[in-house]
Amino acid sequence: NSRLEVTIDDLRLYGGTGKGIVRAGPAAKGLTVGGNVTIGKVAIQPLLKDAAGFETLAGQGDIQLAVSGAGGSQQAITRSLRGNANLKFENGAIVGWNLAKILRGLGQGQFSGLDAVQSETTDFSELAATFKINAGNAVTDDLQMISPLLRVGGQGRIGIGQRDLDLALKPKLVSSLAGQGGSMNA
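Residues numbered from 1 in each chain as written. Predicted model: local features only at pLDDT ≥ 70, side-chain atom pairs only at ≥ 80, totals over all residues. Heavy atoms only, no water.

1. What to know about the pairing of strand 4 (residues 57-71)
On any regular strand, side chains alternate: one points to one face of the sheet, the next to the other face.
And then number 1: Of the pairings in the sheet, the one linking strand 3 (residues 30-43) to strand 4 comprises eleven bridges and is antiparallel in character. Directly across from Ala43, in strand 4, lies its bridge partner Gln60.
And then number 2: Bridge count for strand 4 against strand 5 (residues 82-95) is eleven bridges, and the pairing is antiparallel. Paired with Ala58 across the two strands is Ala93, which belongs to strand 5. (Pairing = 2+ DSSP bridges. Helix = DSSP H or I, 4+ residues; strand = E, 2+ residues; numbered from the N terminus.)

2. What to know about the nonpolar core
And then number 1: One finds Leu57, Phe89, Phe124, Leu127 and Met145 to be the most contacted residues of the largest nonpolar core, which totals 22 residues.
And then number 2: Going through the elements one at a time, strand 3, helix 1 (44-52), strand 4, strand 5, strand 6 (121-134), strand 7 (137-146) and strand 8 (150-159) are the ones with two or more residues in this core.
And then number 3: The element that contributes the greatest number of residues to this core is strand 6, accounting for five residues.
And then number 4: For Leu127, the residues in contact, after removing those within four places along its chain, are Leu57, Leu87, Lys88, Phe89, Leu143, Gln144 and Met145. (Core = buried A, V, L, I, M, F, W, Y, C linked by side-chain atoms within 4.5 Å. Buried < 20%, exposed > 50% of the residue type's maximum accessible area, 1.4 Å probe, protein only. Contact = heavy atoms within 4.5 Å.)

3. Quick word on the sheet that holds strand 8
And then number 1: One open sheet holds the nine strands; their spatial order is 1-2-3-4-5-6-7-8-9, and the pairing between them is antiparallel. Edge strands, defined here as strands with exactly one partner in the open sheet, are strand 1 (4-13) and strand 9 (164-173). Neighbour-to-neighbour, the strand axes of the sheet open up by a mean angle of 15 degrees, direction not taken into account.
And then number 2: Of the pairings in the sheet, the one linking strand 1 to strand 2 (residues 16-27) comprises eight bridges and is antiparallel in character. Each residue of the ladder has a partner; that of Leu4, found in strand 2, is Ala24. (Axes fitted to C-alpha atoms, helices over the stretch in contact; angles between N-to-C directions.)

4. Concerning the pattern of salt bridges
And then number 1: Inspection of the entire model under this criterion finds seven salt bridges.
And then number 2: A salt bridge links Glu5 to Arg23; the nearest nitrogen and oxygen atoms lie 3.2 Å apart. Of this pair, Glu5 sits in strand 1 while Arg23 sits in strand 2, and the two are 18 residues apart along the sequence.
And then number 3: A residue is classified by how much of its surface remains accessible, and Glu5, at 42% relative accessible area, is partly exposed.
And then number 4: Between Lys41 and Glu90 there is a salt bridge, with its nearest N and O atoms 3.7 Å apart. Taken together, the positions of Lys41 in strand 3 and Glu90 in strand 5 put the pair 49 residues apart, joining distant regions of the chain.
And then number 5: Accessibility expressed as a relative area gives 42% for Lys41, which makes it partly exposed.
And then number 6: Residue classification places Glu90 among the partly exposed residues on the basis of a relative accessible area of 25%.
And then number 7: Where salt bridges share partners, they join Lys41, Lys88, Glu90 and Glu126 into one cluster. (Salt bridge = Lys/Arg side-chain N within 4 Å of Asp/Glu carboxyl O.)

Listed below in structure tokens is the structure:
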């Protein structure tokens, strides 16, 4: 019936640094866990690969996470998570798709090449979102990606406990190649 609290003042992982507090203790049926962690300039692709088996995003990012959950199993804990998260990835890529190539193909009436190919990428200067987390569901209404050819806005839900995704993305083609530093409305 004890509680553990660890304060991390100098965390170094995946090329980035962080700090925060992580807590664990007894719950009515199992364990309660939580934390408040800030990580900066972390290499996103190896972090997501190791944490979730997800290799589609590359780049460097800042993550702020304040969550807690309780349960008798990992699945029960992830389905009970609540809190919030802020993500901002910079100078990265969506791995598996070359959106410029896909758009050129669609412009020529070709509907092939829509499958993920590990050697293809779409660069972005920024990918950011804030999430409210409740009952293991991370909900956002401000997802945005800025890339040379595309601006993407989005909203939806990531089911952390359910391991599913329900996002509506609204892509907007850029009328000029003004570069990655353009606004969302370019």
